[in-house]
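So the chains spell out like this:
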Amino acid sequence: MKHLRLLAFLYLLGIFLAGCVKDTIEFITDQDKKTTTNLFVQVTDEKQQPLEGATIQYQSKSFITNSYGIVIINGVDVSNRHSFATVSKQGYFTTGSVFRSFSNTMVQIHCIMKEKKFDYTFSTSLAQTVVTAEGVELSLPSNALQYQNSGLAYDGEVKMAVWYPDPALTTFKSEIPGELVGITSSNKVEMLTSYGVIQFEFQTLSGESLRIATGKKINAIIPIPSAQLGSAPTSLSMWYFDETTGYWKEEGTATRSGDKYTATISHLGAWNYSTHLPAIHISGRLLDQNGTPLQGVYVTHESAVRGTASLMGVNMDGTFSGLWPADKPITLKVFSALCPANELYSRELKASSDNIDVGKVVIDLEESSTMTLICAPVDCEQKKVIKGFASIFGWQYSKINIPLDQNGEVNVVIPVCESDGEAQMQLVDLNTNVTIDNIILNVPGINNLADVLICGNEPDFFMINCPSMEINNVLIYDGFQLRDSADFTLLSGTAAPKDVLIQTGIIYKDKVPGQYAAGNFQGTFVQLALREKVKLVSSELTLNITKGGKAGERIKGNFNGTITLQGEGSSRKINGEFLLKGQ
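Residues numbered from 1 in each chain as written. Predicted model: local features only at pLDDT ≥ 70, side-chain atom pairs only at ≥ 80, totals over all residues. Heavy atoms only, no water.

### Notes on the overall build of the chain
Helix and strand counts for the chain come out as 2 helices and 45 strands. Within the chain, buried positions represent 55% of all 583 residues. Looking at the chain alone, contacts between residues at least 24 apart form 65% of all its contacts between residues at least 6 apart. Per element, the accessible surface of the chain, about 24,400 Å² overall, is 46% carbon and sulfur. (Helix = DSSP H or I, 4+ residues; strand = E, 2+ residues; numbered from the N terminus. Buried < 20%, exposed > 50% of the residue type's maximum accessible area, 1.4 Å probe, protein only. Contact = heavy atoms within 4.5 Å. Areas by Shrake-Rupley, 256 points an atom, 1.4 Å probe, with all protein chains shown as cover.)

See below:
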């Protein structure tokens, strides 16, 4: 199925998508407008593999991705101008995504995380230490580092992880944190033209985190990409990424010497070597000739100002928006994300100092060059599945995940490359973790699947929910077990990754030894170790076995009650569900 360039789709789009709304859309205005909606967040690594256990920080609350690398966040306010979620995970550089919404339907966010590889080692014993890694040169004075937690000076062997993406690559804008928009030292929001981004971290040989010492600065030298040598100025501003606001913030300058830029840096994080220009908002809506919002496309806007080409994702209602330098002529283009060489639309826009709404952009597409997918999944009880997604993939390409809309449906039109072929689809019910696999889709073609039954293929799982501790995890692991003896029955397991939920166990007295009888039981937690390593002190639980059985059979149930944690006097509510094989 060579027609599906899905890997290019995931990289180029850097996506955020939202569900269908009425035809009248209020686009970007000069005022910030917030809409209450839901977020569908997908986190993957550089190879597009899902990352479980990533923490999504949005509006002072934390959420954890499941085994699909996905978390759904319900009932949050999203701005039509700038919203931002921070994404972090142990062993990866912290990043985040900027997104916008004009309606109260689902917004999809795809974030790519870069693994922190501490491949470089150096010693701080010299008066001036020079380290070269990934084409970047760092120069550290004596006593330049201190322990992250204690602030005490550190002198000795250091391990370093460096990330330096090539700004000349098409994937650059979808890999860096946020978008190329910054807040200047005079507090103005402006468009950035990047000549390079670096991010690095230090730690001791034993893994303790280090930081740049108070009052110290290090020199960071980067090569200027060959394609930008002609436009590179003698000096430009430095910008660090603010993980709270999602903006790059101006701090310091970098000076050019030959084909390199040198800057002084006083703290760790992501740093951007960029020029800047006043910005305006551009917005519009993409539709096909039948008025159906387009998917599988992305929008670029570019001009003669080298390096200012920008990339905008398209919502599921067809809307798009982004920032662009003010008073510059613009070429607005639309491409197929599955086949980036296919330009679907091009339009010249005059220079403007005001926000631009291009309105409806209607693209006439041949039926032979699109794939239409229509389906409304139902569960075993013939009820609509509301919380779930469709995963579409080819034999040799990565997956694209499309969330169900607020009506529990998928209705999308996607431009494709080749004239014939097929793709596969998996449907996932996130409430039950039940899947239906190997659904064949015609590409191109109209795939109207109507009410698809998601019933079966339910994996073993253990779900635990404690709202006051911001824990809501569905864990799918072979390591969980339900074990019975003459004296007690133990539901326990160790989960990975360990920064999410390390260990849990519930003990109760079964009615018949050697059996897992259905019914209600009084239980207690015997252990509960979380990412903060808090230990359980006491608990009062009601355990309900809804489907009993013998050893070797799958046992289903739920629990609820209260727990009191170490160092706390008050109790917290806790509940959960499980489907596990009896041992």
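### Things to note about unusual backbone geometry
Residue V443 is joined to P444 through a cis peptide bond whose omega torsion reads -5 degrees. The residue P444 is located in the loop between β33 (434-442) and β34 (445-450) in this model. One non-glycine residue, N187, lies in the positive phi region at around 70 degrees. Despite not being glycine, Q382 shows a phi value in the positive range, around 65 degrees. Looking at the element boundaries, Q382 is found in the loop between β28 (370-375) and β29 (388-393).

### Regarding the sheet that holds strand β31 (residues 410-415)
Pairing in this open sheet of 3 strands is mixed, and the strands run β31-β28-β34 from one edge to the other. The open sheet has two free edges, formed respectively by β31 and β34, since each of these has just one partner strand. Across this sheet, the average inter-strand angle for adjacent strands is 5 degrees, counted without regard to direction. Direction of pairing for β28 relative to β34: parallel, over a ladder of 5 bridges. By the bridge assignment for β34, T372 is matched with I446. (Pairing = 2+ DSSP bridges. Axes fitted to C-alpha atoms, helices over the stretch in contact; angles between N-to-C directions.)

### Quick word on the state of the cysteines
Inspection of the entire model under this criterion finds 1 disulfide. Each sulfur of the disulfide joining C380 and C455 lies 1.9 Å from the other. Taking the torsion about the sulfur-sulfur bond, which here is approximately 110 degrees, the covalent link between C380 and C455 counts as right-handed. Highlighted residues: C380 in the loop between β28 and β29 and C455 in the loop between β34 and β35 (461-466), separated in sequence by 75 residues. For C455, a relative accessible area of 38% corresponds to the partly exposed category. (Disulfide = S-S within 2.5 Å.)

### Some details on the confidence of the model for the chain
When pLDDT is averaged along the chain, the result is 81, and 81% of the positions lie at 70 or above. Confidence drops under pLDDT 50 across residues 304-308; counting only partners more than four residues distant or on other chains, this segment forms 13 contacts. The low-confidence segment residues 494-502 (pLDDT under 50) makes 33 contacts with residues lying over four places distant or belonging to another chain. (pLDDT = per-residue confidence, 0-100.)

### Notes on the side chain of K116
For K116, the position within the fold is in the loop between β8 (107-112) and β9 (120-123). Polar side-chain contacts of K116 include one of 2.9 Å to the side chain of E201. Discounting residues that sit within four places of it in the chain, K116 has contacts with G91, Y92, F93, A161 and E201. (Polar contact = N/O pair within 3.5 Å; in protein donor to acceptor, adjacent residues only side chain to side chain.)

### Looking at the pattern of salt bridges
For side chains of opposite charge, pairing can occur when their charged atoms come near one another. Tallying each qualifying case throughout the model produces 8 salt bridges. We note a salt bridge from R100 to E179, for which the minimum N-O separation is 2.7 Å. Of the two residues, R100 sits in the loop between β7 (95-99) and β8 while E179 sits in the loop between α2 (172-175) and β14 (181-183), which places them 79 residues apart along the sequence. For the pair formed by R100 and E179, the shared burial category is buried. Among the ionic pairs, K383 bridges to E381, the shortest N-O distance being 3.6 Å. One salt-bridge network, held together by shared partners, links E46, K114 and E175. (Salt bridge = Lys/Arg side-chain N within 4 Å of Asp/Glu carboxyl O.)

### Points about the sheet that holds strand β30 (residues 400-403)
Taken in spatial order, the 4 strands line up as β30-β29-β32-β33 in an open sheet, and their pairing is antiparallel. Two strands close off the open sheet at either side, each with one partner strand: β30 and β33. Each adjacent strand pair in this sheet contributes to an overall mean axis angle of 25 degrees, direction not counted. With 6 bridges connecting them, β29 and strand β32 (residues 422-429) associate as antiparallel partners. Residue pairing across strands places A390 opposite L427, the latter belonging to β32.

### Regarding the side chain of S97
If you trace the backbone, S97 turns up in strand β7. Here S97 is in contact with S83, F84, A85, I109, H110 and C111, once residues within four sequence places are set aside.

### Points about the packing of aromatic side chains
Summed over the entire model, instances satisfying the criterion amount to 11 aromatic pairs. Judged by centre distance (5.6 Å) and plane angle (45 degrees), the rings of Y58 and F99 are tilted. Remark: F99 occurs in strand β7 and Y58 occurs in strand β3 (residues 55-58); sequence separation between them is 41 residues. F99 carries the same exposure label as Y58, and that label is buried. Taking 5.4 Å as the distance between ring centres and 85 degrees as the angle between the ring planes, the aromatic pair formed by Y147 and Y154 counts as edge-to-face. With relative accessibility at 23%, the residue Y147 sits in the partly exposed group. (Phe/Tyr/Trp six-rings, centres within 6.5 Å; stacked < 30°, edge-to-face > 60°.)

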